[in-house]
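Survey of secondary and tertiary structure
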Amino acid sequence: MELKEFIDIFIATLELEDASNINAQTDFKSLDDWDSLASLSIISMVDDRFGVTINKKEVRACDTIEDLFNMIISKQ
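Residues numbered from 1 in each chain as written. Predicted model: local features only at pLDDT ≥ 70, side-chain atom pairs only at ≥ 80, totals over all residues. Heavy atoms only, no water.

Considering the nonpolar core
Generally speaking, soluble globular proteins have nonpolar side chains that are buried together. The biggest cluster of nonpolar side chains holds 27 residues, and the ones touching the most others in it are Phe6, Phe10, Phe28, Trp34, Ile42, Ile54 and Leu68. Of all the elements in the fold, those that place two or more residues in this core are helix H1 (3-14), helix H2 (36-50) and helix H4 (65-75). Setting aside its immediate chain neighbours within four residues, Leu68 contacts Phe6, Phe10, Phe28, Ile42, Ile54, Val59 and Cys62. (Core = buried A, V, L, I, M, F, W, Y, C linked by side-chain atoms within 4.5 Å. Buried < 20%, exposed > 50% of the residue type's maximum accessible area, 1.4 Å probe, protein only. Helix = DSSP H or I, 4+ residues; strand = E, 2+ residues; numbered from the N terminus. Contact = heavy atoms within 4.5 Å.)

Remarks on the packing of H1 against H2
Their axes nearest at 10 Å, the elements H1 and H2 cross at an angle of 130 degrees. Our classification of the angle between H1 and H2 gives oblique. In the crossing of H1 with H2, the sense of the turn from one axis to the other is right-handed. Of the residues in H2, those in contact with Phe6, Ile9, Phe10, Thr13 and Leu14 of H1 are Ala38, Ser41, Ile42, Met45, Arg49 and Phe50. Among the residues making up the contact of H1 with H2, the classes are represented as eight nonpolar, two polar and one charged. (Axes fitted to C-alpha atoms, helices over the stretch in contact; angles between N-to-C directions. Parallel < 35°, antiparallel > 145°, perpendicular 65-115°, else oblique. Left-handed = near helix turned anticlockwise from the far one by under 90°. Nonpolar A, V, L, I, M, F, W, Y, C, P; charged D, E, K, R; others polar.)

Let's talk about the pattern of salt bridges
Side chains that carry opposite charge are capable of pairing whenever their charged atoms lie near each other. A complete count under the given rule lists three salt bridges for this structure. Between Lys4 and Asp8 there is a salt bridge, with its nearest N and O atoms 2.9 Å apart. Here Lys4 and its partner Asp8 are both found in helix H1, four residues apart, which amounts to about one turn of the helix. In this structure Lys4 comes out as exposed when scored by relative accessible area, which is 56%. For Asp8, a relative accessible area of 36% corresponds to the partly exposed category. Note that Lys75 and Glu58 form a salt bridge whose closest N and O atoms lie 3.0 Å from each other. In this pair, Lys75 is assigned in helix H4 and Glu58 in helix H3 (residues 56-61), connecting sequence segments 17 residues apart. (Salt bridge = Lys/Arg side-chain N within 4 Å of Asp/Glu carboxyl O.)

Let's talk about the side chain of Thr26
By the secondary structure assignment, Thr26 is in the loop between H1 and H2. Classification of Thr26 as buried rests on a relative accessible area of 12%. Beyond its immediate stretch of four places on either side in the chain, Thr26 contacts Asn21, Leu31, Asp63, Thr64 and Ile65.

Take a look at the structure:
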């Protein structure tokens, strides 16, 4: 999986309408659409799409979308 592909899946999972400013360095927790439901959606998506189990603590430890991507890759 490439980072670009992961960003596209991240955007689709959260159903972000204005994704023009979303990139690898985006602090996803600062997005207007980010809340506990979004966090659970990402956790579920990662499990479903990539077969990797992550938890809320691991998501909170990530700052950017690239951090999240790298953490997932390291668990594959």
